[in-house]
Amino acid sequence: MRVQVAIVGGGPSGLLLGQLLHNAGIKTVVLERKTREYVLTRIRAGVLERGLVDMLEEAGAADRLHAESFRHTGIMLSSNNTYFEVTFDKYVDQPMTIYGQTELTRDLYDARERAGGATLFNVDKLTLNDLNTRSPSIDCKVSGEPLHIDCDYIAGCDGFHGVCRQYIPVEKRKEYLKDYPFGWLGILSETAPVHHELIYSNSDRGFALCSMRNQNLSRYYVQCDINDSVDNWTDNAFWNELKRRLPERFASTIETGTSIEKSIAPLRSFVCEPMQWGNLYLCGDAAHIVPPTGAKGLNTAASDVRYLYAALTQRYTDNDECKLQNYSQTALERVWKVERFSWWMTSMLHRFPDQSEFDIKIQQAEIAFLQQSEAAQASLAINYVGLPY
Ligand code: FAS
Ligand code: PHB
């Protein structure tokens, strides 16, 4: 098999890049370890920056999003029983869109199928070859059958646990890692959202987040112990704990119900430098991870895709590799600003096991300053809606 760009990973990064390149007439193949059905069981992000929505439109995969999503113009922050709104459009004209990652991944699969793009599932034993030559290649097994793929470039979109990052020689690779001493226990429930905006709550018992997917599908999270298990949490136990972390106004009105999904996600900040090696280019979680507090994981994968798509189209249109050579530097400049914002939101809103009373007073002062300062709210708004590409 021969393609121009081989894409490892059929999550949002790989699919979005693949669809944009395919529409630009660049021959691609997407190689996914799991099945499409398995990928679509993952419940992850839900808040999309306009840059990602624009690219989904460009990829011809935004019709259902426009029909089913809804706009967000702010968030609510609460600290024990006080709460206030940060209204984004007071400071920046860039709404956020609420639409589940699972749905946009489904839309991207459908768009790729309609366009006739090649996607191979059950890909295993994948190895990358000759990355520092003009003719890199991939060897793998597809449902057990050997396959060799010749290509010009390889996009490593295979997530945090993927293999591509490991092909950057360890002596050339610098990895930055911060593991947080807690996780997020999340549930999905077919209940009406407790509020029309997201609620980020810092309480004495720990962080909580009220989000949603639509008017009849809510997404809630509570901070939990890093070694906790979903088996320790009945639905009732979850709802009672969530209510204890929300202001009374919301605790007394929240609609509870049966969870249709329950999972625990670890929180970490991670960056791999560089994000390219020879003709291998890393995109999304393969290169960086943020704690979900700032809703930036998926959205930062999108900015990587924008930069790599622009670089590859420049290469194939103008035979100019300048953007490709600068891809890692360009992407990392925005990645680190997003890492900072996600770390700041996480540090401000969670209870840390080793926190002193002084540390808690500093958190409360940070939130109080946000409540009183338009400049502080403007800074949060500009980062939350998405920094420019
Ligand atoms: P992904 O991990 O989504 O996709 C990588 C794909 O590569 C997967 O389908 C995998 O099967 C495949 N793959 C791996 N190894 C392979 C190999 N060797 N060969 C072929 N394929 C291979 N972000 C938010 O903004 N908000 C959230 O609330 C949020 N919650 C999250 C919860 C969890 C549990 C996790 C893990 C992440 C969460 N994220 C959240 C971040 C998440 O949304 C990611 O940013 C997003 O999935 C990034 O997409 P990809 O880069 O495509 O990586
Ligand atoms: C979600 O809806 O899953 C969500 C929203 C905002 C976040 C994290 C997760 O910061």
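Scroll up to find the structure this text is about.
Fair warning: this is a prediction, and the values are worked out from it, not measured in the lab.

J.: How would you explain the site of ligand 2 if you had to name every residue and give the values?
T.: Lining the immediate surroundings of ligand 2 are 13 residues, of which Tyr200, Ser211, Arg213, Tyr221 and Pro292 lie closest. In the model, an oxygen atom of ligand 2 is placed 3.5 Å from a nitrogen or oxygen of the Arg44 main chain. Note that an oxygen atom of ligand 2 is positioned 2.7 Å from one of the side-chain N or O atoms of Arg213. Look at ligand 2: alone it shows 280 Å² of surface, and the protein chains cover 97% of it. It is strand E15 (residues 206-214) that contributes the most residues to the shell around ligand 2, 3 residues altogether.

J.: Explain the sheet that holds strand E2 (residues 28-31) residue by residue, including any values.
T.: Read from one edge to the other, the open sheet built from 6 strands follows the order E8-E2-E1-E12-E19-E18, with strand pairing classed as mixed. Strands at the two margins of the open sheet, each flanked by one partner only, are strand E8 (118-120) and strand E18 (276-277). With 4 bridges joining them, strand E1 (residues 5-8) and E2 adopt parallel strand pairing. Bridge pairing in E2 places Ala6 opposite Val29. The strands that helix H1 (residues 12-23) touches are E1, E2 and strand E12 (153-156); relative to E1, the one it contacts most, it runs at about 160 degrees.

J.: Give me the lowdown on the packing of aromatic side chains, citing residues and values where you can.
T.: Summed over the entire model, instances satisfying the criterion amount to 19 aromatic pairs. Ring centres 5.1 Å apart and planes at 90 degrees place the aromatic pair Tyr176 and Trp336 in the edge-to-face group. One end of the pair, Tyr176, is in strand E13 (residues 174-189); the other, Trp336, is in helix H10 (residues 327-349), and 160 residues separate them in sequence. For Trp336, a relative accessible area of 34% puts it in the partly exposed group. An aromatic cluster of at least three residues, connected via ring pairs, comprises Phe88, Trp184, Tyr200, Phe207, Tyr221, Phe341, Trp344 and Tyr384.

J.: How would you sum up the site of ligand 1? Please name residues and give values.
T.: Neighbouring ligand 1 are 28 residues, the closest being Ser13, Glu32, Arg42, Arg44 and Gln101. At 2.7 Å, a side-chain N or O of Glu32 approaches an oxygen atom of ligand 1. For ligand 1, the protein covers 85% of the area, taking 990 Å² as the surface of the free molecule. Looking at the shell around ligand 1, the elements that each hand over two or more residues are H1 and helix H8 (297-318).

J.: Before we move on, could you go through the pairing of strand E16 (residues 217-225) and cite the residues and values that matter?
T.: The buried fraction of E16 is high, at 8 of 9 residues. As judged from the 8 bridges shared by E13 and E16, these two strands associate in the antiparallel manner. Pairing of Ile187 across the sheet is with Tyr220, part of E16. Hairpin connection from E15 to E16: 2 residues lie between these consecutive antiparallel strands.

J.: Please set out the environment of Ile264 residue by residue, giving values where relevant.
T.: You can see Ile264 is positioned in strand E17 (residues 259-273). With relative accessibility at 28%, the residue Ile264 sits in the partly exposed group. The spacing of Ile264 and Trp184 is 80 residues in sequence and 5.4 Å in space, taken between C-alpha atoms. Not counting residues within four places of it along the chain, the set of residues in contact with Ile264 comprises Trp184, Leu185, Cys224, Asp228, Ser229 and Val230.

J.: Tell me what's going on with the packing of H1 against H8, and back it up with residues and numbers.
T.: Where H1 contacts H8, the axes come no closer than 9 Å and their chain directions differ by 30 degrees. Overall, the two elements H1 and H8 adopt an arrangement that is roughly parallel. Between H1 and H8 the crossing geometry is right-handed. Contact with H1, carried on its side by Pro12, Ser13, Leu16, Leu17, Leu20 and Leu21, involves Leu298, Ala301, Val305, Leu308, Tyr309 and Leu312 of H8 and no other residues of that element. Class assignment for the residues of the contact of H1 with H8 results in 11 nonpolar, 1 polar and no charged.

J.: Summarise helix H3 (residues 50-58); cite the residues concerned and give the values.
T.: If you check which residues of H3 are buried, you get Gly51, Leu52, Val53, Met55 and Leu56. Considering only its buried residues, H3 is in contact with H1, strand E3 (47-48), helix H4 (63-68), strand E7 (96-98), helix H5 (101-115) and H8. Gly60 occupies a position one or two residues after H3 and carries a positive phi of about 70 degrees.

J.: Requested: an account of the sheet that holds strand E4 (residues 70-72), with residues and values cited.
T.: Read across the open sheet, the 3 strands follow the order E3-E7-E4; overall the sheet is antiparallel. The outermost strands of the open sheet, each flanked by one partner alone, are E3 and E4. Taken together, the 3 bridges between E4 and E7 define a ladder with antiparallel strand orientation. Directly across from His72, in E7, lies its bridge partner Met96.

J.: Please set out the state of the cysteines residue by residue, giving values where relevant.
T.: A complete count under the given rule lists 0 disulfides for this structure. Cysteine Cys322 is unpaired, with the sulfur of Cys283 as its nearest cysteine sulfur at 18 Å. By relative accessible area, which is 38% here, Cys322 ends up partly exposed.

J.: Could you give me a rundown of the pairing of E1, with the residues and numbers involved?
T.: The two faces of E1 match: Val5 and Ile7 on one face and Ala6 and Val8 on the other face are all buried. In the classification by handedness, the crossover that spans E1, the intervening H1 and the parallel E2 is right-handed. Here E1 pairs with E12 via 4 bridges, running parallel. Looking at E12, one finds that Val5 is bridged to Tyr153.

J.: Describe the pattern of salt bridges, listing the residues and the values that go with them.
T.: Side chains that differ in charge, positive against negative, can pair when their charged atoms come close. Counted under the stated rule, the structure contains 23 salt bridges. For the salt bridge of Asp110 with Arg36, the shortest nitrogen-to-oxygen distance reads 2.6 Å. With Asp110 in helix H5 and Arg36 in helix H2 (residues 36-39), the pair connects residues that are 74 residues apart, well separated along the chain. We classify Asp110 as partly exposed; its relative accessible area is 27%. On the accessibility criterion, Arg36 (17% relative accessible area) is buried. A salt bridge links Arg173 to Glu175, with the shortest nitrogen-to-oxygen separation between them at 2.9 Å. Several salt bridges share partner residues, and in doing so they unite Arg64, Glu68, Glu103, Arg106 and Asp107 into one network.

Calculation rules
- Residues numbered from 1 in each chain as written.
- Chains lettered and ligands numbered in written order.
- Predicted model: local features only at pLDDT ≥ 70, side-chain atom pairs only at ≥ 80, totals over all residues.
- Heavy atoms only, no water.
- Near = heavy atom within 4 Å.
- Polar contact = N/O pair within 3.5 Å; in protein donor to acceptor, adjacent residues only side chain to side chain.
- Areas by Shrake-Rupley, 256 points an atom, 1.4 Å probe, with all protein chains shown as cover.
- Helix = DSSP H or I, 4+ residues; strand = E, 2+ residues; numbered from the N terminus.
- Pairing = 2+ DSSP bridges.
- Contact = heavy atoms within 4.5 Å.
- Axes fitted to C-alpha atoms, helices over the stretch in contact; angles between N-to-C directions.
- Phe/Tyr/Trp six-rings, centres within 6.5 Å; stacked < 30°, edge-to-face > 60°.
- Buried < 20%, exposed > 50% of the residue type's maximum accessible area, 1.4 Å probe, protein only.
- Parallel < 35°, antiparallel > 145°, perpendicular 65-115°, else oblique.
- Left-handed = near helix turned anticlockwise from the far one by under 90°.
- Nonpolar A, V, L, I, M, F, W, Y, C, P; charged D, E, K, R; others polar.
- Disulfide = S-S within 2.5 Å.
- Right-handed = clockwise from strand over helix to strand, strands pointing away.
- Salt bridge = Lys/Arg side-chain N within 4 Å of Asp/Glu carboxyl O.

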